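Report on the structure
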Amino acid sequence: MNEELDSQLSAMFDNELPAAECELLARRLSRDEDLKARWSAYAAIGATIRAEGGVRLNSNLAVRVNNAISSEPAVAVAKSIEPSRATSRRPVPRWLMPLGGIAVAASVAAASILFLRYESPMQPVAQSLPVTSSSNQTLVAKNAVPAAPDSYTVPKTLPRRSIVPSTQLANYVVAHSEFSSPVNRRNLLSAFMASESGTAGAPSGSDEPNEDVIDDAKSPH
Amino acid sequence: MSADVSDLSLVRRVQGGDKGAFDALVRKYQHKLVKLVMRYVRNPAEAEDIAQEAFIKAYRALPQFRGDSAFYTWLYRIAINTAKNAVVSRDRSPIEYNIDRSSDAAEESYDMQGRMKDSETPEGLVLTDEIRRTVNAAIEALPEDLKTAIVLRELDGLSYEEIAAAMDCPVGTVRSRIFRAREAIDRRLREVFEGGLGRTEDMG
């Protein structure tokens with residue numbers, strides 16, 4: 001047995017091996033029975049030192065679990081969610097999270113205003129002016145409203161995709177939703193899905209861990 | 001060093017369809033999990049059954065594990081909940097008095113007795129005690145710096161960096177000392193038990 005390899009295995013057992021080396025060794029460990037035997041011995045040595053009473057050190061639990069899952073299909077994760085955020089992203093400071101939520105809210109509000117303005121481009125200017133008095137209102141109305149055309153022209157509505165591309169907005173909302181609170185996130189996504197129904201698909205993938213597991217683990221008994 | 005980097009490497013392999021990597025995770029955490037479950041049930045055999053169920057649940061839920069928390073933290077929560085559910089369902093199930101001596105009832109009673117005594121068979125207890133004695137003797141025989149390093153790691157749960165600070169030596173030296181301590185203990189175990197502890201699992 002290679003001493004360097006064993007030394008790596010010992011450090012990996014303690015979560016003290018660099019990630020790149022872990023990748024290679026994890027592949028080997030999953031196939032090499034001798035390495036697995038050492039790995040088991042390290043676990044039993046630790047259990048003995050900690051004097052974990054009642055625990056059988058010659059347990060066949062691993063064999064039983066292995067037999068049980070051998071009949072199950074291998075688990076598989078979609079490539080889009082495979083990379084782990086724990087190693088590939090820098091942690092976001094907690095104080096930034098509320099700001100992220102505000103930023104998302106402001107972005108969605110701005111997008112909504114843009115959307116409304118594009119949806120009704122033929123609105124008279126007078127409607128958007130502030131009204132201070134009834135006389136002013138009359139004056140403004142007289143000055144602002146142009147002579148009515150002889151024939152009515154149906155205003156042209158711009159296609160929605162030309163305002164804000166749905167996929168782009170979806171990515172934006174989903175990317176920022178992880179910094180907002182769960183309630184804000186749900187509200188924003190609901191509003192977004194409602195406004196974009198028929199034009200955009202649901203954002204794929206979820207950052208939330210398995211709800212069954214979480215609910216399962218949190219449920220009081 | 002990332003707190004959970006090696007576990008994550010194994011988790012990613014399982015998520016890629018490698019069941020052998022899950023076996024490594026089970027071997028690493030089986031003792032810890034059984035000890036954890038034994039806070040809820042006193043019977044070691046029942047604790048092992050619950051731990052087995054928790055591992056299987058974890059395996060099925062692994063596609064949803066994103067690595068936001070440490071793998072053991074996630075596994076811990078599954079195990080706690082599985083144990084609580086097991087205790088609740090056991091308390092709800094009616095107590096069966098063995099009045100009816102029909103063959104089915106007798107067989108069931110025999111099975112139950114057999115299961116309850118499974119972990120307390122003389123062979124199992126002797127083997128566990130023998131392993132403990134061998135490990136403890138091997139630790140006692142270690143040079144002082146190796147013994148200190150392995151105890152600080154396993155008993156006090158210090159990181160390599162913390163041990164290096166405590167022992168006033170480089171982190172690389174700590175890694176080497178812990179490895180050499182484990183090797184010495186494992187070598188002694190292999191002398192006493194054919195093939196070492198990894199092989200004795202089949203005997204349980």
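Observations concerning the packing of helix 7 (residues 144–154) of chain B against helix 9 (residues 171–192) of chain B
All names here are of chain B. As a packed pair, helix 7 and helix 9 sit with axes 8 Å apart at the nearest point and diverge in direction by 95°. As far as their axial angle goes, helix 9 and helix 7 are roughly perpendicular. Facing Asp145, Leu146, Ala149, Ile150, Arg153 and Glu154 of helix 7, the residues of helix 9 in contact are Arg177, Ile178, Arg180, Ala181 and Arg182. The class makeup of the residues in the contact of helix 7 with helix 9 is five nonpolar, no polar and six charged.

Examining helix 8 (residues 160–167) of chain B
Given 3.6 residues per turn, any residue in an α-helix points the same way as the ones three and four places further on. Where helix 8 of chain B is concerned, the buried positions are Tyr160, Ile163, Ala164 and Met167 of chain B. In a view along the axis of helix 8 of chain B, the buried residues occupy a sector of 105°, so they form one face of it. Facing away from the buried side of helix 8 of chain B by over 90 degrees, the exposed positions are Glu161, Ala165 and Ala166 of chain B. In this structure, the buried residues of helix 8 of chain B make contact with helix 1 (3–13) of chain A together with helix 7 and helix 9 of chain B. Aspartate 168 of chain B sits one or two residues past helix 8 of chain B and shows a positive phi near 55°.

Details of the interface of chain A and chain B
Contact residues are listed per partner, giving 80 residues for chain A and 88 residues for chain B. Area buried by chain A at its contact with chain B is led by Arg56, Asn58 and Val75 of chain A, which between them contribute 9% of it. Taken together, the connections running from chain A to chain B amount to eleven salt bridges. The partner of aspartate 23 of chain B in a salt bridge is lysine 36 of chain A, with the nearest N and O atoms 3.0 Å apart. Listing elements by their share of the side of chain A that touches chain B, those giving two or more residues are helix 1, helix 2 (19–29), helix 3 (33–49), helix 4 (61–70), helix 5 (85–88) and helix 10 (211–218) of chain A. In terms of residue count, the dominant contributor to the side of chain A that touches chain B is helix 3 of chain A (16 residues).

Some points on the confidence of the model for chain B
Note that predicted coordinates carrying low pLDDT should not be read in detail. Residue and element names in this part refer to chain B. Mean pLDDT over chain B works out to 83, with 77% of the residues at or above the 70 mark. Predicted confidence is poor over residues 96–119, with pLDDT under 50, and the contacts of this stretch with residues over four places away or in other chains come to 13 contacts. Among the prediction metrics, the complex's ipTM stands at 0.80, with pTM recorded as 0.60.

Considering the environment of valine 65 of chain A
Topologically, valine 65 of chain A is positioned in helix 4. Not counting chain neighbours up to four residues away, the residues in contact with valine 65 of chain A comprise Phe22, Val26, Gln52 and Phe55 of chain B.

Notes on the packing of helix 4 of chain A against helix 3 (residues 44–61) of chain B
Orientation of helix 4 of chain A relative to helix 3 of chain B, taken along the N-to-C sense of each, is 40°, at an axis distance of 10 Å. The angle between helix 4 of chain A and helix 3 of chain B falls in the class oblique. For the element pair helix 4 of chain A and helix 3 of chain B, the recorded crossing hand is right-handed. Between helix 4 of chain A and helix 3 of chain B, the contacting residues are Leu61, Arg64, Val65, Ala68 and Ile69 of chain A on the first element and Glu48, Asp49, Ala51, Gln52, Phe55, Ile56 and Tyr59 of chain B on the second. Looking at side-chain class alone, the contact of helix 4 of chain A with helix 3 of chain B contains eight nonpolar, one polar and three charged residues.

Section: the pattern of salt bridges
Applying the stated criterion across every chain yields a total of 25 salt bridges over all chains. Notably, a salt bridge pairs lysine 36 of chain A with glutamate 33 of chain A, separated by 3.8 Å at the nearest N-O pair. Linking lysine 36 of chain A with glutamate 33 of chain A, this pair stays in helix 3, spanning three residues, or about one helical turn. The shortest N-O distance in the salt bridge between arginine 177 of chain B and aspartate 145 of chain B comes to 3.5 Å. Taken together, the positions of arginine 177 of chain B in helix 9 and aspartate 145 of chain B in helix 7 put the pair 32 residues apart, joining distant regions of the chain. Since its relative accessible area comes to 15%, arginine 177 of chain B is described here as buried. Since its relative accessible area comes to 29%, aspartate 145 of chain B is described here as partly exposed. Connected through shared salt-bridge partners, Asp14 and Arg50 of chain A together with Arg153, Glu154 and Arg182 of chain B make up one network.

Topic: the side chain of aspartate 7 of chain B
Position of aspartate 7 of chain B relative to the elements: it lies in helix 1 (residues 5–15). With relative accessibility at 0%, the residue aspartate 7 of chain B sits in the buried group. At a separation of 3.0 Å, a polar atom in the side chain of aspartate 7 of chain B contacts the side chain of lysine 28 of chain B. In this structure aspartate 7 of chain B touches Asn15 of chain A together with Leu25, Lys28, Tyr29 and Phe71 of chain B, once residues within four positions along its chain are discounted.

Scoring rules and cut-offs
- Residues numbered from 1 in each chain as written.
- Chains lettered and ligands numbered in written order.
- Predicted model: local features only at pLDDT ≥ 70, side-chain atom pairs only at ≥ 80, totals over all residues.
- Heavy atoms only, no water.
- Axes fitted to C-alpha atoms, helices over the stretch in contact; angles between N-to-C directions.
- Helix = DSSP H or I, 4+ residues; strand = E, 2+ residues; numbered from the N terminus.
- Parallel < 35°, antiparallel > 145°, perpendicular 65-115°, else oblique.
- Contact = heavy atoms within 4.5 Å.
- Nonpolar A, V, L, I, M, F, W, Y, C, P; charged D, E, K, R; others polar.
- Buried < 20%, exposed > 50% of the residue type's maximum accessible area, 1.4 Å probe, protein only.
- Arc of directions from axis to C-beta.
- Buried area = accessible area lost by both parts, 1.4 Å probe.
- Salt bridge = Lys/Arg side-chain N within 4 Å of Asp/Glu carboxyl O.
- pLDDT = per-residue confidence, 0-100.
- Left-handed = near helix turned anticlockwise from the far one by under 90°.
- Polar contact = N/O pair within 3.5 Å; in protein donor to acceptor, adjacent residues only side chain to side chain.

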